[in-house]
Amino acid sequence: MAIARLAGGPLDGQIIPLEPGVSDSLIIPYGEGQLIYRRAGAEENTGAHDGPTETRFVYDEATEDINPDPDSRDE
């Protein structure tokens, strides 16, 4: 099993399972839109006895506002 370590954005610090075949980006559903994280660096822990393979992904963008104000109020 491989895992993705997310850095930045609303999911900063989260660890999620990494599906086989994921290449350079992760697209994650979030609220009404999606978050896009890009691969940053090489895989780590790729040996047979050093734990799950890890890949770091860094926040790139969101397809919708992360914190929308549905009432159009300034608070």
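Residues numbered from 1 in each chain as written. Predicted model: local features only at pLDDT ≥ 70, side-chain atom pairs only at ≥ 80, totals over all residues. Heavy atoms only, no water.

The name given to the chain in an unreviewed UniProt entry is Response regulator, and the organism recorded there is Microbacterium horticulturae.

**Side note on the nonpolar core**
Defined as follows: To qualify as a nonpolar core, a set must consist of buried Ala, Val, Leu, Ile, Met, Phe, Trp, Tyr and Cys residues joined through side-chain atoms within 4.5 Å. Only protein chains enter the area calculation, which uses a 1.4 Å probe; residues under 20% of their type maximum are buried, those over 50% are exposed, and those in between are partly exposed. Helix and strand assignments come from DSSP, with helices taken as H or I runs of at least 4 residues and strands as E runs of at least 2, each series counted from the N terminus. Contacts between residues were defined by any pair of non-hydrogen atoms, one from each residue, lying within 4.5 Å.
Among the nonpolar cores identified, the biggest contains nine residues, and these are A4, L6, L11, L18, L26, I28, L35, Y37 and F57. Among the elements of the structure, β1 (2-7), β3 (25-30) and β4 (33-39) are those that each provide at least two residues to this core. Residues in contact with L35, not counting those within four places in the same chain, are P10, L11, L26, I27, I28, Y30, Y59, E61, A62 and I66.

**Considering the sheet that holds β4**
Test applied: Pairing between strands requires that DSSP locate at least two bridges from one strand to the other. Helix axes are fitted only over the stretch in contact, all axes being lines through C-alpha atoms; the angle between N-to-C directions runs from 0 to 180 degrees.
Strand order in the open sheet made by the five strands is β2-β1-β5-β4-β3, with mixed pairing throughout. Two strands close off the open sheet at either side, each with one partner strand: β2 (15-18) and β3. Going from strand to strand, the sheet's axes swing by 40 degrees on average, the running direction of each strand aside. Across six bridges, the pairing between β1 and strand β5 (residues 53-62) is parallel. By the bridge assignment, L6 is partnered in β5 with F57.

**A look at the pattern of salt bridges**
Opposite charge on two side chains permits pairing when their charged atoms draw close. The cut-off we apply is this: Throughout this description, the term salt bridge denotes a Lys or Arg side-chain nitrogen within 4 Å of a carboxyl oxygen of Asp or Glu.
In the structure shown here, the tally under the stated rule is four salt bridges. Residue D60 is joined to R38 by a salt bridge in which the shortest nitrogen-to-oxygen separation is 3.0 Å. A residue pair is termed long-range when its members are at least 10 positions apart, and D60 in strand β5 and R38 in strand β4 qualify at 22 residues. Through salt bridges with shared partners, one network takes in R38, D60 and E61.

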